[in-house]
Amino acid sequence: MAAEIWGERWAESTSDISKKYMEIAVKKRSLVCLAADRNTMAGLFDLIEQVGPYIAALKTHVDLVDDWTAGEWSRFCEVADAAGLLIFEDRKFADIGKITRNQMGGIYDIRSWSDLVTAHLISGPDIVDGIQAAWSDVSRSGGVLLLAQMSSRGNLLNPKYTDEVVAKGKQHPGVFGFIGNGSRPDELRELRQKVGSAKMIWTPGVNLAVGDGEMGQRYGDPRQAILAGSDCIIVGSGIHKSSNPADSAKKYADASWNALIERE
Ligand code: S5P
């Protein structure tokens, strides 16, 4: 079933974790990763309880939670796991390999509960080895999403930088895929051409209300993002700030799923 729906993306992928994601997306009929940017544990629990059935992955910023404790976080990860979600810590690592390896530990111990993390390639490709070593240190595995583009206005990830990130990332088995800019379908289409079919492209900067967001964020349409080659729309405020998060999550799930069917 997943092979049929995902076509060449499934056929060309060599990553277990990508295949796991594609299977979850088919099971839930949703290509939505929720950006769970709420800053209390109660707010996070409430959100996941409401939208769990309509999303395929959960993206966190573990360091923005005001009342974070290790115990509550591990309970939260259990709930996410029970809801069948991949857990994606959007830490945007950027340091040298050995420091990044240690930053996967520390107080938040990201290596012990994350399936996916983000990294910039600004410090060179050893950052991916550092992250992979950290997962190995705790006998786990995971995938790295490299920032190839960003959704925020004025960002410094110019086309030449994007090309180098893609060229290096494509070669590395520890790289699950790339973050692309969901607000600009034309740029995304070009990115998909460069990436080919073997790796994922996940896209923030997506909202049913297209246009400018807070503090330089830009939003594009979810259907357009998937048609342009995105494999997952990362949606934050469109869901967690809505007066009915479950309803909104369902709308994004439907838009993303229908676009995948249309694309393949
Ligand atoms: O370029 C980017 C990369 C990321 S990962 N632009 C982004 O907005 N993000 C993340 O996506 C950001 O950290 C936030 O968690 C989410 C977008 O949230 P929204 O509320 O704007 O939908």
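Keep in mind that this is a model prediction, so the values were computed, not measured.

A few points about helix 3 (residues 16-28)
- Its 13 residues give helix 3 an end-to-end C-alpha distance of 18 Å, which sits within 8% of 18 Å, the value for a rise of 1.5 Å per residue.
- Of the residues making up helix 3, those classed as buried are Ile-17, Ser-18, Tyr-21, Met-22, Ile-24, Ala-25, Val-26 and Lys-28.

Here we look at the packing of aromatic side chains
- If you walk through the whole model with that rule in mind, you get 8 aromatic pairs.
- Taking the centre distance of 4.8 Å and the plane angle of 55 degrees together, the rings of Tyr-21 and Trp-202 count as tilted. Of the two residues, Tyr-21 sits in helix 3 while Trp-202 sits in strand 7 (residues 200-203), which places them 181 residues apart along the sequence. As far as the burial class goes, Tyr-21 and Trp-202 line up, both buried.
- Ring geometry for Phe-88 versus Trp-202: centroids 5.8 Å apart, planes at 75 degrees, classification edge-to-face. On the criterion of sequence distance, the pair formed by Phe-88 in strand 3 (residues 86-93) and Trp-202 in strand 7 is long-range, its members being 114 residues apart.
- Residue classification places Trp-202 among the buried residues on the basis of a relative accessible area of 0%.
- Every member of this aromatic cluster is reached through a ring pair, and the members are Trp-6, Tyr-21, Phe-88, Phe-176 and Trp-202.

Examining the nonpolar core
- Trp-6, Tyr-21, Trp-73, Ile-131, Leu-146 and Trp-202 are the most contacted members of the largest nonpolar core, which has 84 residues in total.
- Excluding residues that lie within four positions of it along the chain, Tyr-21 makes contacts with Trp-6, Leu-31, Ala-56, Leu-86, Phe-176, Met-200, Trp-202, Asp-231 and Cys-232.

Section: the pairing of strand 7
- With burial as the criterion, each face of strand 7 is covered, one bearing Met-200 and Trp-202 and the other bearing Ile-201 and Thr-203.
- The pairing of strand 6 (residues 175-179) with strand 7 spans 3 bridges and is classified as parallel. The partner of Phe-178 across the bridge, within strand 7, is Ile-201.
- One crossover worth recording links strand 6 to the parallel strand 7 by way of helix 9 (residues 185-195), and it is right-handed.
- Bridge analysis of strand 7 against strand 10 (residues 232-235) gives 2 bridges, and the strand direction is parallel. The residue bridging Trp-202 from the neighbouring strand is Cys-232, located in strand 10.

A short note on the site of the ligand
- Around the ligand sit 15 residues in total, of which Asp-37, Lys-59, Ser-151, Tyr-219 and Ser-237 are the nearest.
- In this structure, Gln-217 approaches the ligand through a side-chain N or O atom, which is 2.9 Å from an oxygen atom.
- Burial of the ligand by the protein chains amounts to 88% of its free accessible area of 490 Å².

Regarding the side chain of His-240
- Mapping His-240 onto the fold places it in helix 11 (residues 237-240).
- At a separation of 3.4 Å, a polar atom in the side chain of His-240 contacts the main-chain amide nitrogen of Ser-237.
- If we ignore the near neighbours within four places in the chain, the residues touching His-240 are Ala-35, Asp-37, Arg-38 and Leu-47.

Quick notes on the side chain of Thr-60
- Among the structural elements, Thr-60 can be located in strand 2 (residues 57-60).
- In contact with Thr-60, other than residues within four places in its own chain, are Trp-73, Phe-76, Phe-88, Glu-89, Asp-90 and Trp-113.

As for unusual backbone geometry
- Despite not being glycine, Ser-139 shows a phi value in the positive range, around 55 degrees.
- Positive phi values are uncommon outside glycine, yet Met-215 reaches one of about 45 degrees.
- According to the relative accessible area criterion, Met-215 is exposed, its value standing at 83%.

Points about the packing of helix 4 (residues 41-51) against helix 12 (residues 245-263)
- For the pair helix 4 and helix 12, interaxial distance at closest approach is 8 Å and the crossing angle is 50 degrees. Between helix 4 and helix 12, the crossing angle belongs to the class labelled oblique. Relative to helix 12, helix 4 is oriented so that their crossing is right-handed. On helix 12, the residues touching Leu-47, Gln-50 and Val-51 of helix 4 are Pro-245, Ala-246 and Ala-249.
- Considered class by class, the residues forming the contact of helix 4 with helix 12 number 5 nonpolar, 1 polar and no charged.

Considering the pattern of salt bridges
- In the structure shown here, the tally under the stated rule is 18 salt bridges.
- Lys-160 is paired through a salt bridge with Glu-164; the nearest N and O atoms lie 3.3 Å apart. Remark: Glu-164 and Lys-160 occur in helix 8 (residues 159-171); sequence separation between them is 4 residues, near one turn of the helix.
- Exposure remark for Lys-160: the relative accessible area of 59% places this residue in the exposed category.
- Among the salt bridges present, the one from Arg-223 reaches Glu-262, with a minimum N-O distance of 2.8 Å. Here Arg-223, found in helix 10 (residues 222-227), pairs with Glu-262, found in helix 12; they are 39 residues apart in sequence, far enough to count as distant.

What counts and what doesn't
Residues numbered from 1 in each chain as written. Predicted model: local features only at pLDDT ≥ 70, side-chain atom pairs only at ≥ 80, totals over all residues. Heavy atoms only, no water. Helix = DSSP H or I, 4+ residues; strand = E, 2+ residues; numbered from the N terminus. Expected span 1.5 Å × (residues − 1). Buried < 20%, exposed > 50% of the residue type's maximum accessible area, 1.4 Å probe, protein only. Phe/Tyr/Trp six-rings, centres within 6.5 Å; stacked < 30°, edge-to-face > 60°. Core = buried A, V, L, I, M, F, W, Y, C linked by side-chain atoms within 4.5 Å. Contact = heavy atoms within 4.5 Å. Pairing = 2+ DSSP bridges. Right-handed = clockwise from strand over helix to strand, strands pointing away. Near = heavy atom within 4 Å. Polar contact = N/O pair within 3.5 Å; in protein donor to acceptor, adjacent residues only side chain to side chain. Areas by Shrake-Rupley, 256 points an atom, 1.4 Å probe, with all protein chains shown as cover. Axes fitted to C-alpha atoms, helices over the stretch in contact; angles between N-to-C directions. Parallel < 35°, antiparallel > 145°, perpendicular 65-115°, else oblique. Left-handed = near helix turned anticlockwise from the far one by under 90°. Nonpolar A, V, L, I, M, F, W, Y, C, P; charged D, E, K, R; others polar. Salt bridge = Lys/Arg side-chain N within 4 Å of Asp/Glu carboxyl O.

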